Amino acid sequence: MGFLKPNNAKSIREDSSTQSARHSASSTQLEEHLKIARYGSYLLTDAVRPAFDLKVIPGAGWRKDVYRDAETEIDVPVIMASQTREKLFDLFMDLLVPLGDEVDVVLETSHDSSLGKHDDLYRESIELPILKSMLYDYEDVLTNDGCTGIAVLNAQVPMEVQFDEHKLLMMYGHDLDPFIEVLESHGLYQSDTIRFITEAEHIHSSTEEHTEQFNELRYQLGVEFS
């Protein structure tokens, strides 16, 4: 995405560079590390954990950046944001409001991949109130599954909100002020020094229950694998 597993057994997917950090820790140390969800006042979702070396300590905040479209070579302003688990989903839902009344949806899945690759499933033209009602029913998988991501966009504006597998929020568009208003209304403020979990080694996790929930959401949205 980007601008224009019958029981509850957990599976772990490391990013390509995490194995070196894993090998420096014993299996017991790594298991205990993966149980840690709180860093100060910041609570992680179940979807992702920093690597054992903790080169990035998770925290809340946002910063501006620039996304370069590989096809058009056009630079698009972007905001990247991180929010503690208790407040994350409500923030995501409110960030959808500036997109307008009718939107397109992209579901991202890497459930069948061990290499971090993913598939994007598209649904065009859905009324935002209907979409939001549907997403509330799937808050768990959207928040806690490290193999599920979603993007909601309005190509006419154009603007996009992405809630990715790492449970980071990305907002794309040439006018980012409406998103900033939402972020600040949720008590989340700009930090030029904030670092995100994607900027160091990290570990994704998923469950078979989350895979089933993802497939239910996919059917509800009417999107299929190509």
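Residues numbered from 1 in each chain as written. Predicted model: local features only at pLDDT ≥ 70, side-chain atom pairs only at ≥ 80, totals over all residues. Heavy atoms only, no water.

K.L.:
What exactly am I supposed to notice about the packing of aromatic side chains here?
P.N.:
Each pair of aromatic rings is reported with the distance of its centres and the angle of its planes. If you walk through the whole model with that rule in mind, you get four aromatic pairs. On the basis of an interplanar angle of 70 degrees and a centroid distance of 5.7 Å, the ring pair of Phe89 and Tyr136 is categorised as edge-to-face. Taken together, the positions of Phe89 in helix α3 (residues 85–95) and Tyr136 in helix α4 (residues 128–136) put the pair 47 residues apart, joining distant regions of the chain. Classification of Phe89 as buried rests on a relative accessible area of 2%. Owing to a relative accessible area of 41%, Tyr136 belongs among the partly exposed residues under this scheme. Taking NZ or CZ as reference, Lys167 lies 5.4 Å from the ring centre of Phe163, over its face. Across from the ring centre of Tyr219, 4.6 Å away, lies the NZ or CZ of Arg218, which sits over that ring. (Phe/Tyr/Trp six-rings, centres within 6.5 Å; stacked < 30°, edge-to-face > 60°. Helix = DSSP H or I, 4+ residues; strand = E, 2+ residues; numbered from the N terminus. Buried < 20%, exposed > 50% of the residue type's maximum accessible area, 1.4 Å probe, protein only. Lys NZ or Arg CZ within 6 Å of the ring centre and 35° of its normal.)

K.L.:
How should the pairing of strand β5 (residues 61–68) be read in this particular structure?
P.N.:
Within a regular beta strand, the side chains point alternately toward one face of the sheet and then the other, so they alternate between its two faces. Across eight bridges, the pairing between β5 and strand β6 (residues 75–82) is antiparallel. By the bridge assignment, Val66 is partnered in β6 with Pro77. (Pairing = 2+ DSSP bridges.)

K.L.:
Can you help me understand α4 in this one?
P.N.:
Looking at α4, one finds that the buried residues are Leu128, Leu131, Lys132, Met134 and Leu135. Down the axis of α4, the buried side of the element spans an arc of 160 degrees, and every buried residue falls inside it. (Arc of directions from axis to C-beta.)

K.L.:
What's the story with a negative patch on the surface in this structure? I'm lost.
P.N.:
Taken together, the side chains of Asp90, Asp94, Glu139, Asp140, Glu209, Glu212 and Glu216 define an acidic patch exposed on the protein surface. Those elements that provide at least two residues to the negative patch are α3, α5 (139–144) and α7 (208–221). In terms of residues, the negative patch owes the most to one element, α7, which gives three residues. Here Asp90 is to be found in helix α3. Residue Asp90 is classed as partly exposed on the basis of its relative accessible area of 44%. (Patch = residues over 30% accessible without salt bridge, like charges linked within 9 Å, V, L, I, M, F, W, Y side chains within 5 Å. Areas by Shrake-Rupley, 256 points an atom, 1.4 Å probe, with all protein chains shown as cover. Salt bridge = Lys/Arg side-chain N within 4 Å of Asp/Glu carboxyl O. Lys, Arg positive; Asp, Glu negative; His and termini not counted. Charge placed at Lys NZ, Arg CZ, Asp CG, Glu CD.)

K.L.:
Looking at this model, I keep getting lost on the confidence of the model for the protein chain. Mind explaining?
P.N.:
Any segment with low pLDDT has predicted coordinates that should not be analysed in fine detail. When the pLDDT values of the protein chain are averaged, the result is 87; 86% of them are 70 or greater. This stretch, residues 1–9, has a pLDDT under 50; its non-local contacts, to residues over four places away or in other chains, come to 40 contacts. Low pLDDT, under 50, characterises residues 16–23; the stretch is placed with 13 contacts to residues that sit more than four places away or in other chains. (pLDDT = per-residue confidence, 0-100. Contact = heavy atoms within 4.5 Å.)

K.L.:
Quick question: what am I supposed to make of the pattern of salt bridges here?
P.N.:
Where charged atoms from two side chains of opposite charge approach closely, those side chains can pair. Taken as a whole and assessed by the stated rule, the structure comprises six salt bridges. For Arg63, the salt bridge goes to Glu199, with nearest N and O atoms at 2.9 Å. Of this pair, Arg63 sits in strand β5 while Glu199 sits in the loop between α6 (177–185) and β12 (202–207), and the two are 136 residues apart along the sequence. With relative accessibility at 13%, the residue Arg63 sits in the buried group. Through salt bridges with shared partners, a single network forms among Arg63, Asp65 and Glu199.

K.L.:
So what exactly am I meant to see when it comes to the packing of α3 against α4 here?
P.N.:
Packed helix pairs are specified by the crossing angle of their axes together with the interaxial distance, meaning the distance between the axes. Where α3 contacts α4, the axes come no closer than 11 Å and their chain directions differ by 165 degrees. On the basis of the axis angle, α3 is roughly antiparallel to α4. Considering the relative orientation of α3 and α4, their crossing is right-handed. Along its contact with α3, which presents Phe89, Phe92 and Met93, the element α4 presents Lys132, Leu135 and Tyr136. Considered class by class, the residues forming the contact of α3 with α4 number five nonpolar, no polar and one charged. (Axes fitted to C-alpha atoms, helices over the stretch in contact; angles between N-to-C directions. Parallel < 35°, antiparallel > 145°, perpendicular 65-115°, else oblique. Left-handed = near helix turned anticlockwise from the far one by under 90°. Nonpolar A, V, L, I, M, F, W, Y, C, P; charged D, E, K, R; others polar.)

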